Every structure is written in C-alpha cells, then in structure tokens.
Amino acid sequence: MDINAGNTLIEKTVNSNETVNCIFTTDKNKAQMKNRLISITALVLVMAGMASCGNNKNTKKYNDMVTTESFGSFEGKDVFLYTLRNKGGDVIKLTNYGAAIVEIDVPDRDGNRDNVTLGYDSLSGYLNGDPYFGKVVGQYANRIAKGKFTLDGTEYTLAINNAPNALHGGPTGWHSRVWEAEVLEGTDYPAVRFTYHKPDMEEGYPGNVMAEVVYTWTDADEIIIDYKVTTDRMTIVNITNHAYFNLHGAGNGDILDHELTIAASAFTPVDPTLIPTGEIRAVEGTPFDFLTAHTMGERINDDYEQLKLGNGYDHNFVIDNPGDVVAEAYDPSSGRVLHVTTDQPGIQLYSGNFLDGTQTGHGGKVYNFRTGFCFETQHFPDSPNHPEFPSVVITPDEPLLTSTIYAFSVR
Ligand code: GLA
C-alpha cells in the first residue's frame with residue numbers, strides 16, 4: 001500500500017467564518033472530515049466570539065499575533081520561542097529546537113486558562129534529556145527492531161538507543177536538531193513553519209531529506225500540524241508530534257481519570273521489547289477497547305499480557321477511518337476536551353509510563369509517573385520489517401504529506 005495513495009490536498013480556506021481544512025486526506029474521507037471539523041469548531045467559535053465581546057479594539061492582523069523571543073542557542077545556532085495568540089486570547093508556544101510545542105494555554109469550563117502540555121520554561125530542560133516533550137520525531141518515529149531494515153535490496157543499520165532496538169530516529173534524531181523557522185505572513189491564523197534538512201545517511205537513514213512542519217493555531221483552539229517530507233532518493237519515514245497532554249494542567253496530578261475514546265477496532269500487540277508481533281488484534285473484549293469512553297485508569301492494571309509488557313498503554317491503534325476525528329480525551333473535572341483528527345493510519349496511546357519524577361517542567365512542577373499521555377499519530381512501529389503494514393517508503397516522486405489536528409474545547 002502506498003503511503004500517499006489517493007491523497008489530495010484540501011487548500012486552506014482563508015475565510016475566518018469557515019473552518020480550516022488544510023489536512024491531506026483521501027477523497028473518501030474528505031466530506032466526513034469536513035463535517036466533523038465544522039461541528040468541533042462551531043461551538044468553540046461561538047465561545048471565542050462571546051469571550052471577545054467588548055474587546056472590539058482587537059483589530060490586530062493574524063500575522064501580528066506571533067511574537068518571537070530568544071530561547072538560547074545550541075551548537076552555534078539560535079533557538080527561539082514563538083508565542084502564537086489567537087483571537088480569543090488563547091496561546092500556544094513553539095520552539096525551533098526539535099520543532100516542539102512548548103506550551104498550550106487553554107481555558108477550563110469556567111474560563112480559567114492553564115497549560116495542558118508537558119514542557120520546560122527554558123531550553124536547558126529540552127537539552128538535558130527530556131522524553132520528547134512536544135517534539136517532532138523523525139526520521140522514523142517509534143521503534144525499528146534491532147535497528148535494521150532492508151530497502152531496495154540494501155540493508156541499513158541504525159543506532160541502538162533503546163536496546164535492543166532503534167527508537168525515535170536515533171539519539172540525534174529530528175527532535176534534537178535546531179530547525180530553520182519562519183513566521184508565516186498573510187495567513188488567516190498565526191502560523192510558523194519549521195524546516196530541517198537531513199543530510200544523506202545522518203542517523204543511518206538514506207536520502208537527503210527535507211522535513212517541513214507548519215503549525216497553525218486557529219481561533220477555534222485547534223493546532224493544525226501540516227507535515228511534508230521530501231527526499232532525493234528512496235527512503236523510509238514516520239513522522240509524529242510527541243506532545244504529552246494533561247487536561248488538568250501540566251503538573252497537576254495524573255491522567256488516569258481522563259476519559260478516552262479511540263475510533264480503532266484493532267491494535268498491534270507487541271513483544272517484550274515493544275516491537276509489534278505482526279498480529280492485528282481486535283480490541284473487542286480487551287482493555288484496549290476505547291470504541292466507547294473509558295478512563296485511562298479503569299483497566300490499566302488489569303492482568304492482561306499487553307498491559308504488562310507496556311507497563312500500561314504504549315501501543316499503536318489501527319485507526320478505523322483515517323481522515324476523521326480519531327480520538328478524544330475528556331477531563332470531567334476541568335471540562336477540557338481534546339479531539340485528534342489525522343489522516344495517518346495509526347495512533348500511539350502512551351500513558352506516560354516512563355515518567356518518573358526526574359523531570360521538572362513549567363513553573364517548577366515535577367512530572368511524575370503517568371502525569372501526561374500522548375496521542376502520537378503515526379505509521380505503525382517497525383513497518384519497514386512488516387511488509388503487511390501500510391508502507392512507509394517515500395521516493396522523490398512520492399513525498400509524504402500528512403496532517404494532524406489537536407483541537408481543544410470544553411463541555
Ligand atoms: C513512545 C514510545 C514509548 C517511549 C516514549 C518516550 O511513546 O512508544 O515506549 O519511548 O515514546 O519515552
């Protein structure tokens with residue numbers, strides 16, 4: 001199966017009364033996705049409009065709503081912190097180190113804003129071995145078994161950084177690079193583009209690869225992430241954003257009470273090293289059935305082999321309808337809701353099982369066990385060694401175009 005089969009780009013609509021459709025998706029899912037996006041955004045747009053009543057002096061153009069400040073430097077390159085403010089006054093912060101999401105400040109149902117993603121107030125946190133907080137991960141997100149794959153008759157060997165496997169593009173993968181950055185002009189919403197040129201064979205991956213990530217922060221509190229990856233020769237790619245969420249506010253307790261829904265009828269079980277066995281297992285009757293809402297914690301300690309192997313959830317779900325809203329998390333106490341829309345075939349639910357209190361993040365808050373979770377939209381782990389999985393091969397003629405939306409609201 002080709003990674004881009006049937007994909008078409010829906011152009012960004014540049015009318016603030018309409019929703020934004022800049023996701024790359026299949027014709028089949030286009031209409032469905034648009035409807036879902038409209039329904040998600042309608043309520044939030046109404047609320048944003050209400051919130052801005054009496055604030056008619058705000059006539060700033062969207063492209064004025066990005067501020068840039070220094071965030072330090074790394075390997076002689078300047079690192080910046082970008083603050084994107086939408087019309088409702090909600091804010092996200094980004095950095096070009098790892099093309100990362102640093103902060104997401106959104107209201108609870110009483111209008112109180114808090115930051116809902118794990119991260120740091122300074123660059124040093126990101127440089128001192130953070131667990132990929134908010135980063136863009138590549139060239140191959142998640143694991144490749146024993147760090148080996150064969151492509152077009154040639155075997156390639158990667159660094160083993162998660163013994164016995166290769167993880168998240170290697171020790172100096174895209175998460176650890178300073179990306180080029182550009183604040184986009186003339187867009188409807190604040191937007192920043194990050195680009196990284198990966199030289200041929202860096203971290204063992206073939207191809208001079210150009211990775212481009214555009215973050216757009218809409219007035220409906222949606223982070224739209226558009227990815228484009230091109231190459232000058234055949235290679236493999238799996239790109240994701242590794243943001244950790246806590247809808248109570250980062251550092252405010254664990255995420256076990258979050259109610260999750262995942263539109264996936266199957267998942268990919270793993271071996272003891274977290275490599276998929278190749279089985280596609282139906283979720284029905286298992287603690288992996290989130291087709292209807294269950295809290296993260298309800299079954300996480302069940303005596304079920306896959307939960308023991310992952311020390312909780314650390315698994316790829318096989319998305320039923322890529323292009324649609326594929327996952328939801330709801331925090332009943334704050335009322336905050338996160339919806340994930342993607343055209344990728346998989347989503348990694350990771351319950352923060354490696355968080356252990358050694359990371360101190362925003363505002364000096366300590367990130368303990370399971371105080372953040374990830375919805376990493378992706379191709380399946382170890383796909384290069386599983387021809388039965390959707391292909392992760394790209395060529396000069398067939399780049400990767402993919403989009404994911406993280407949409408925040410309340411109920
Ligand atoms: C992914 C992996 C996990 C872990 C985290 C980062 O979610 O699947 O096993 O490596 O990234 O700590």
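All of these numbers come straight from a predicted model, not from anything done at the bench.

Caption draft 1: Representation of the overall build of the protein chain in the model. Across its full length, the protein chain holds 3 helices and 31 strands. In the protein chain, 65% of the contacts between residues at least 6 apart in sequence involve partners at least 24 apart. Of the accessible surface of the protein chain, which amounts to about 15,500 Å², a share of 50% is contributed by carbon and sulfur atoms.

Caption draft 2: Region of interest: the sheet that holds strand β22 (residues 294–295). The strand order across the open sheet formed by 9 strands is β13-β14-β15-β16-β31-β25-β24-β19-β22, and the pairing between neighbours is antiparallel. Sheet topology places β13 (180–183) and β22 at the edges, where each strand pairs with a single neighbour.

Caption draft 3: Molecular detail of the site of the ligand. Around the ligand there are 13 residues in total, and Arg 143, His 168, His 242, Asp 314 and Glu 376 lie nearest to it. One of the side-chain nitrogen or oxygen atoms of His 168 is found 2.8 Å away from an oxygen atom of the ligand. Gln 348 places a side-chain nitrogen or oxygen 3.2 Å from an oxygen atom of the ligand. In isolation the ligand has 300 Å² of accessible area, and contact with the protein removes 95% of it. Because more than half of its atoms lie within 2 Å of the grid, the ligand is assigned to the largest pocket. Broken down by class, the residue content of the shell around the ligand amounts to 6 nonpolar, 4 polar and 3 charged.

Caption draft 4: Broad picture of the confidence of the model for the protein chain. Summary statistics for the protein chain give a mean pLDDT of 88 and a share of 84% for residues scoring 70 or more. Predicted confidence is poor over residues 1–62, with pLDDT under 50, and the contacts of this stretch with residues over four places away or in other chains come to 114 contacts.

Caption draft 5: Broad picture of the pairing of strand β6 (residues 100–107). β6 sits mainly inside the fold: 7 of its 8 residues count as buried. Sheet topology note: the strand β5 (residues 91–95)/β6 ladder contains 5 bridges and is antiparallel. By the bridge assignment for β6, Leu 94 is matched with Ile 101. Connecting β5 to the antiparallel partner β6 that follows it, the hairpin turn spans 4 residues, and Gly 98 within it adopts a positive phi of roughly 70 degrees. Where β6 meets strand β7 (residues 113–115), 3 bridges bridge the pair, whose relative direction is antiparallel. Counted as the bridge partner of Val 106 is Asp 114 from β7. A loop of 5 residues connects β6 with β7, the two strands running antiparallel in sequence, and Gly 111 in this loop sits at a positive phi of about 90 degrees.

Caption draft 6: Region of the structure containing the sheet that holds strand β26 (residues 346–350). Pairing in this open sheet of 5 strands is antiparallel, and the strands run β21-β20-β23-β26-β29 from one edge to the other. Of all the strands in the sheet, the pair left with one neighbour each is β21 (281–282) and β29 (374–378). The pairing of β26 with β29 spans 5 bridges and is classified as antiparallel. Paired with Leu 349 across the bridge in β29 is Phe 375.

Caption draft 7: Quick peek at the pattern of salt bridges. Per the counting criterion, the structure on display carries 9 salt bridges. One salt bridge connects Asp 200 with Arg 233, and the closest N-O pair in it is separated by 3.0 Å. Remark: Arg 233 occurs in the loop between β16 (222–231) and β17 (235–236) and Asp 200 occurs in the loop between β14 (191–198) and β15 (209–217); sequence separation between them is 33 residues. Of the charged contacts in the structure, one is a salt bridge between Glu 279 and Arg 281, with a shortest N-O distance of 2.8 Å. Given the relative accessible area of 33%, Glu 279 is considered partly exposed. If you follow the salt bridges from partner to partner, you end up with Glu 182, Arg 193 and Glu 212 in one network.

Caption draft 8: Spotlight on the environment of Asp 152. Residue position: Asp 152 is located in the loop between β10 (148–151) and β11 (154–157). Asp 152 sits 82 residues away from Met 234 along the chain, and the two C-alpha atoms are 8.2 Å apart.

Caption draft 9: Fine view of the side chain of Arg 177. Within the secondary structure, Arg 177 is located in the loop between β12 (166–167) and β13. Of note is the side chain of Arg 177, whose polar atom sits 3.1 Å from the backbone oxygen of Thr 172. Of note is the side chain of Arg 177, whose polar atom sits 3.3 Å from the side chain of Tyr 196. Non-local contacts of Arg 177, meaning those with residues more than four positions away in its chain, are made with Asn 96, Tyr 97, Gly 98, Thr 172, Tyr 196 and Glu 202.

Calculation notes
- Residues numbered from 1 in each chain as written.
- Predicted model: local features only at pLDDT ≥ 70, side-chain atom pairs only at ≥ 80, totals over all residues.
- Heavy atoms only, no water.
- Helix = DSSP H or I, 4+ residues; strand = E, 2+ residues; numbered from the N terminus.
- Contact = heavy atoms within 4.5 Å.
- Areas by Shrake-Rupley, 256 points an atom, 1.4 Å probe, with all protein chains shown as cover.
- Pairing = 2+ DSSP bridges.
- Near = heavy atom within 4 Å.
- Polar contact = N/O pair within 3.5 Å; in protein donor to acceptor, adjacent residues only side chain to side chain.
- 1 Å grid on protein atoms, 1.4 Å probe; cavity = no way out; pocket = protein on both sides within 12 Å on 5 of 7 lines; lining within 4 Å.
- Sits in = over half its atoms within 2 Å of the grid points.
- Nonpolar A, V, L, I, M, F, W, Y, C, P; charged D, E, K, R; others polar.
- pLDDT = per-residue confidence, 0-100.
- Buried < 20%, exposed > 50% of the residue type's maximum accessible area, 1.4 Å probe, protein only.
- Salt bridge = Lys/Arg side-chain N within 4 Å of Asp/Glu carboxyl O.

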